[in-house]
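# Reading the structure
Each chain, written out:
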Amino acid sequence: MSAASLKPSARSAHAGTTEPIWVRYTLIGVALTFMFLFLVLPLAAVFTEALRKGLDAYLEALKEPDAWSAIRLTLITAAIAVPLNLVFGVSAAWAIAKYEFRGKAFLTTLVDLPFSVSPVVAGLIYVLMFGAQGWFGPWLQAHDIKIVFAVPGIVLATVFVTFPFIARELIPLMQAQGNDEEQAAIVLGATGWQTFWYVTLPNIKWGLLYGVILCNARAMGEFGAVSVVSGHIRGQTNTMPLHVEILYNEYQSVAAFAVASLLALLALVTLVIKSVIEWRHEQELKASAQTPPERPMASSPDAVV
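Parameters and conventions
- Residues numbered from 1 in each chain as written.
- Predicted model: local features only at pLDDT ≥ 70, side-chain atom pairs only at ≥ 80, totals over all residues.
- Heavy atoms only, no water.
- Helix = DSSP H or I, 4+ residues; strand = E, 2+ residues; numbered from the N terminus.
- Buried < 20%, exposed > 50% of the residue type's maximum accessible area, 1.4 Å probe, protein only.
- Contact = heavy atoms within 4.5 Å.
- Areas by Shrake-Rupley, 256 points an atom, 1.4 Å probe, with all protein chains shown as cover.
- pLDDT = per-residue confidence, 0-100.
- 1 Å grid on protein atoms, 1.4 Å probe; cavity = no way out; pocket = protein on both sides within 12 Å on 5 of 7 lines; lining within 4 Å.
- Points joined across faces, edges and corners; volume = space filled by probe spheres on them.
- Nonpolar A, V, L, I, M, F, W, Y, C, P; charged D, E, K, R; others polar.
- Core = buried A, V, L, I, M, F, W, Y, C linked by side-chain atoms within 4.5 Å.
- Salt bridge = Lys/Arg side-chain N within 4 Å of Asp/Glu carboxyl O.
- Phe/Tyr/Trp six-rings, centres within 6.5 Å; stacked < 30°, edge-to-face > 60°.

### What to know about the overall build of the chain
- A tally of regular secondary structure across the chain gives 15 helices and 0 strands.
- The buried share among the 305 residues of the chain stands at 33%.
- Contacts in the chain between residues far apart in sequence, at least 24 positions, make up 71% of those at least 6 positions apart.
- For the chain, the exposed area adds up to about 19,300 Å²; of that, 68% sits on carbon and sulfur atoms.

Structure below.
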């Protein structure tokens with residue numbers, strides 16, 4: 001049917017489903033301009049300022065003992081917080097997606113709590129609990145246990161602000177997959193661990209990796225909660241974001257931007273890994289969609305009694 005033979009109502013409905021070309025180019029231009037101003041330009045400014053006095057000054061800023069201590073503490077904190085959140089995220093997602101029980105809605109709300117609470121408030125909570133004047137402060141001092149203004153407090157604050165990421169990636173994925181495959185495995189005699197390892201984990205592996213990447217990125221870049229509980233002790237309780245703040249406040253701009261460039265590189269590496277995982281997931285989905293279904297085997301005439 002030609003366009004001339006369409007009725008006016010049909011032509012107007014057809015025209016309403018596509019935008020004029022100038023609208024599309026305008027939207028693309030606005031999106032690219034926004035990305036350039038708020039993403040590309042700040043990243044370029046970080047690396048430009050870091051290398052403003054040359055490569056030697058850049059490397060010297062990274063070789064300082066305080067910088068190495070901040071890098072080491074950041075990696076240690078992420079290495080502790082991410083596995084803890086991995087265990088919690090998988091457990092919480094499995095409980096919420098696979099079972100019905102009292103308090104399920106309350107547990108889901110608790111998982112989302114760090115998204116609604118300011119990181120600074122989260123840090124103050126740990127100070128009120130484990131500080132010198134806090135609930136457990138006298139007992140901790142009596143037993144010479146340090147949590148606030150020490151590495152354990154930094155780890156606790158990081159765990160708090162990052163624990164929703166893995167659970168929130170897995171909950172909708174597990175709910176969409178349902179329980180049929182797990183129930184079939186149990187009926188066939190599989191144990192709970194075998195069911196998780198051979199049935200559940202292969203189905204959630206890409207979502208799990210995606211959540212781990214986001215959790216790790218937030219753990220290494222956390223500032224607010226860690227700033228409250230760290231005490232800003234140079235060489236001991238400063239992570240990379242806190243070290244950048246101290247250097248910048250002391251007008252050591254090259255050193256500050258040099259450490260900040262490491263955080264930017266970690267962010268770029270995270271984005272690359274995230275893109276690779278998404279691409280691999282899409283390839284698997286396409287391959288599974290193109291695989292023809294198995295045909296049932298025809299019974300031989302000799303088998304018919």
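### Examining unusual backbone geometry
- In the Ramachandran plot, phenylalanine 149 falls in the positive-phi region, its phi being about 60° despite a non-glycine side chain.
- In this fold, phenylalanine 149 is placed in the loop between α8 (137–142) and α9 (151–162).
- Of note in this structure, tyrosine 251 is not a glycine but carries a positive phi near 65°.
- Looking at the element boundaries, tyrosine 251 is found in the loop between α14 (240–249) and α15 (253–290).
- We classify tyrosine 251 as exposed; its relative accessible area is 77%.

### Some remarks on the confidence of the model for the chain
- Taken as a whole, the chain shows an average pLDDT of 84; of its residues, 90% reach a score of 70 or greater.
- Per-element confidence in the chain ranges from a low mean pLDDT of 48 for helix α1 (residues 8–16) to a high of 93 for α9.
- Scored below 50 in pLDDT, residues 10–14 makes 3 contacts in the model with residues more than four places away or belonging to other chains.

### Remarks on the layout of surface pockets
- Counted as a void, the largest pocket has a volume near 270 Å³.
- The element that contributes the greatest number of residues to the lining of the largest pocket is α15, accounting for 7 residues.
- Its residues assigned to classes, the lining of the largest pocket shows 7 nonpolar, 5 polar and 4 charged.
- Quantified by volume, the second largest pocket comes out at close to 180 Å³.
- Taken together, Phe130, Gly131, Ala132, Gly137, Leu140, Gln141, Asp144, Ile145, Lys146, Ile147, Val148 and Phe149 form the lining of the second largest pocket.
- Residues belonging to the lining of the second largest pocket are distributed by class as follows: 7 nonpolar, 3 polar and 2 charged.

### Topic: the nonpolar core
- Among the nonpolar cores identified, the biggest contains 18 residues, and Leu170, Met174 and Leu208 are the most heavily contacted of them.
- Of all the elements in the fold, those that place two or more residues in this core are α4 (65–98), α10 (164–177) and α12 (192–221).
- Core analysis: the next-biggest nonpolar cluster, separate from the first, contains 16 residues, Leu73, Tyr126, Phe163 and Val226 among them.

### Some details on empty space enclosed by the protein
- Tallied over the full model, the rule gives 1 cavity of 30 Å³ or more.
- A volume near 50 Å³ is recorded for the largest cavity.
- Around the largest cavity, the lining residues are Thr74, Thr77, Thr158, Ala219, Met220, Glu222, Val226 and Thr239.
- When contributions to the lining of the largest cavity are tallied by element, the ones reaching two or more residues are α4 and α12.
- A class-by-class count of the residues in the lining of the largest cavity yields 3 nonpolar, 4 polar and 1 charged.

### Observations concerning the pattern of salt bridges
- Applying the stated criterion across every chain yields a total of 7 salt bridges.
- For glutamate 100, the salt bridge identified is with lysine 104, shortest N-O distance 3.0 Å.
- Beyond isolated ion pairs, a larger network of salt bridges with shared partners links Asp66, Arg234 and Glu250.

### Here we look at the environment of leucine 43
- With respect to the helices and strands, the residue leucine 43 is situated in helix α2 (residues 21–50).
- For leucine 43, a relative accessible area of 31% translates into the label partly exposed.
- Distance from leucine 43 to alanine 264, taken between C-alpha atoms, is 7.2 Å for residues 221 residues apart in sequence.
- When neighbours within four sequence positions are excluded, leucine 43 is seen to be in contact with Ala264 and Leu268.

### Remarks on the packing of aromatic side chains
- Applying the stated criterion across every chain, the model contains 11 aromatic pairs.
- Centroid distance phenylalanine 34 to phenylalanine 38: 4.6 Å. Interplanar angle 35°. Geometry classified as tilted. One end of the pair is phenylalanine 34 and the other is phenylalanine 38, both in helix α2 and 4 residues apart, which spans about a single turn.
- Overall, phenylalanine 38 belongs to the exposed group, its relative accessible area being 53%.
- Aromatic pair tryptophan 94 and phenylalanine 196: ring centres 5.2 Å apart, planes at 20°, arrangement stacked. Pair noted here: tryptophan 94 is in helix α4 and phenylalanine 196 is in helix α12, with a separation of 102 residues, a long-range link.

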